[in-house]
Amino acid sequence: MSQQSQAVAFSALHQKYNPVVLYNIWDAGSALAVAQAGAKAIATGSWSCAAAQGYQDGEAMPFSSLLHTAQRIASVISLPLTVDFETGYGAARRDNLSALLQAGVVGINVEDQQLGLSALNGVREQCEILNSLRQEAESQGIALFINARTDVFLQQPDATQHPALMAEAKKRLTAYQNAGASGFFVPGLSDVGLIAELCDDSALPVNIMASSLTPPLAELTAAGISRLSYGPYPYVGLMETLKQQACALY
């Protein structure tokens, strides 16, 4: 399957009330394991990719390491690959995207947080970033799935405050869609009523990140999500098991 065909197929997996489930991985070995388990697509997680190389999350890992990881994953799987691009790894984000596309990537996550700060990019600034990335993908003839992430909810850990943030989230949803986004990712949002409200108002597929606070998949599916991802939790769980086994040994 060509890269463009993979991109189209990946986009088609995002169906309201029938979400694609992405069990996030961090290297070629974990990608193979998840692919062999029956996954329809492979997704990296930034936290996991960084931790697996001994780095902190938040683009502390050099982009060259992320690119090498993407290249190795793409070389061993035949499924669509989407990569957590964080904020783009610096001012050269368009060149960085070009390198990922050449590696075979057909999807990215792009977040609107300001790295290291409890603040978000302005809507206009983030839209300029999204538009630039869309232009780069189009120049290479790839229908890249740009999953536009907003940290509106993630930066507010008090869930009782989330209803008051819905207006801002919806404003960003509309703006990001107009700027070329393919999907809308809202990590940190766990209230099923708010999730359903967002899905009802969204023309874009909505992505929720599973956590101990989110409802079961069946409830999220009924709420209208199109994508469920697991972020760092597969890596965290596996490393905890590894530590327990090592503790028992030593």
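Since this is a predicted model, take the numbers as computed values, not measurements.

Regarding the sheet that holds strand β7 (residues 206-209)
Next, step 1: The 8 strands are arranged β1-β8-β7-β6-β5-β4-β3-β2 in an open sheet whose pairing can be described as parallel. Looking at strand neighbours, the two that pair on one side only are β1 (20-22) and β2 (42-43), the edges of this open sheet.
Next, step 2: Relative to β7, strand β6 (residues 183-185) runs parallel, the two sharing 2 bridges. What sits directly across from F184, in β7, is V206.
Next, step 3: Its contacts with the sheet put helix α6 (residues 123-139) on β4 (107-111) and β5 (145-149), and the angle it makes with β4 is roughly 165°.

Some details on the nonpolar core
Next, step 1: Grouped together as the largest cluster of nonpolar side chains are 70 residues, with contacts concentrated most on F85 and I108.
Next, step 2: Residue contacts for I108: discarding those within four places in its chain leaves T82, V83, F85, L97, L133, L144, F145, I146 and N147.

Quick look at the layout of surface pockets
Next, step 1: Put simply, the largest pocket is a space of about 380 Å³.
Next, step 2: Along the walls of the largest pocket sit 28 residues, with S46, D57, D84, R149 and P232 positioned nearest its centre.
Next, step 3: Of all the secondary structure elements, the ones that give two or more residues to the lining of the largest pocket are α3 (46-52), β3 (81-84), β4, β7 and β8 (227-229).
Next, step 4: Looking at which element gives the most residues to the lining of the largest pocket, the answer is β3, with 3 residues.
Next, step 5: Its residues placed into classes, the lining of the largest pocket shows 10 nonpolar, 12 polar and 6 charged.
Next, step 6: Volume-wise, the second largest pocket comes out at about 230 Å³.
Next, step 7: Around the second largest pocket, the lining is made up of 16 residues, and of these L154, G188, L189, S211 and L213 lie nearest the centre.
Next, step 8: Of the residues that constitute the lining of the second largest pocket, the class distribution is 9 nonpolar, 7 polar and no charged.

Side note on the environment of S11
Next, step 1: Looking at the element boundaries, S11 is found in helix α1 (residues 3-12).
Next, step 2: Residue classification places S11 among the partly exposed residues on the basis of a relative accessible area of 35%.

Observations concerning the packing of aromatic side chains
Next, step 1: On inspection of all chains with the given rule, the structure shows 7 aromatic pairs.
Next, step 2: Between W47 and Y235 the ring centres are 6.0 Å apart and the planes differ by 65°, which places this aromatic pair in the edge-to-face class. Residue W47 is located in helix α3, and its partner Y235 is located in helix α10 (residues 233-249); the two are separated by 188 residues in the primary sequence.
Next, step 3: For W47, a relative accessible area of 37% gives the class partly exposed.
Next, step 4: Accessibility expressed as a relative area gives 11% for Y235, which makes it buried.
Next, step 5: Connected via pairs of aromatic rings, a cluster forms that spans W26, W47 and Y235.

Quick word on helix α8 (residues 192-201)
Next, step 1: Every buried residue of α8 is listed here: L194, I195, A196, L198 and C199.
Next, step 2: Its buried side turned inward, α8 meets α7 (166-178), β6, β7 and α9 (217-223).
Next, step 3: A side-chain oxygen of the first residue of α8 lies 3.0 Å from the backbone nitrogen of G193; this N-cap is D191.

Describing the packing of helix α5 (residues 93-103) against α6
Next, step 1: It is the contact of α5 with α6, at a shortest axis distance of 10 Å, that shows an interaxial angle of 40°. Note on packing geometry: the crossing formed by α5 with α6 is right-handed. Here R93, R94, L97, S98 and L101 of α5 lie close against α6, whose contacting residues are I129, S132, L133, Q135, E136 and A137.
Next, step 2: Grouping the constituent residues of the contact of α5 with α6 by class yields 5 nonpolar, 3 polar and 3 charged.

Observations concerning the pattern of salt bridges
Next, step 1: By the definition in use, this model includes 9 salt bridges.
Next, step 2: Here E168 and K171 are joined by a salt bridge, their closest N and O atoms 3.2 Å apart. On the criterion of helical spacing, the pair formed by E168 and K171 is a turn pair, its members being 3 residues apart in helix α7.
Next, step 3: Judged by relative accessible area, E168 falls into the partly exposed class, the value being 26%.
Next, step 4: Residues D201 and K170 are paired through a salt bridge, measuring 2.7 Å at the closest nitrogen-oxygen approach. Here D201 is found in helix α8, whereas its partner K170 is found in helix α7, with 31 residues between them in sequence.
Next, step 5: Counted as one network, the salt bridges with shared partners bring together D112, E168, K171 and R172.

Scoring rules and cut-offs
- Residues numbered from 1 in each chain as written.
- Predicted model: local features only at pLDDT ≥ 70, side-chain atom pairs only at ≥ 80, totals over all residues.
- Heavy atoms only, no water.
- Pairing = 2+ DSSP bridges.
- Helix = DSSP H or I, 4+ residues; strand = E, 2+ residues; numbered from the N terminus.
- Contact = heavy atoms within 4.5 Å.
- Axes fitted to C-alpha atoms, helices over the stretch in contact; angles between N-to-C directions.
- Core = buried A, V, L, I, M, F, W, Y, C linked by side-chain atoms within 4.5 Å.
- Buried < 20%, exposed > 50% of the residue type's maximum accessible area, 1.4 Å probe, protein only.
- 1 Å grid on protein atoms, 1.4 Å probe; cavity = no way out; pocket = protein on both sides within 12 Å on 5 of 7 lines; lining within 4 Å.
- Points joined across faces, edges and corners; volume = space filled by probe spheres on them.
- Nonpolar A, V, L, I, M, F, W, Y, C, P; charged D, E, K, R; others polar.
- Phe/Tyr/Trp six-rings, centres within 6.5 Å; stacked < 30°, edge-to-face > 60°.
- Polar contact = N/O pair within 3.5 Å; in protein donor to acceptor, adjacent residues only side chain to side chain.
- Left-handed = near helix turned anticlockwise from the far one by under 90°.
- Salt bridge = Lys/Arg side-chain N within 4 Å of Asp/Glu carboxyl O.

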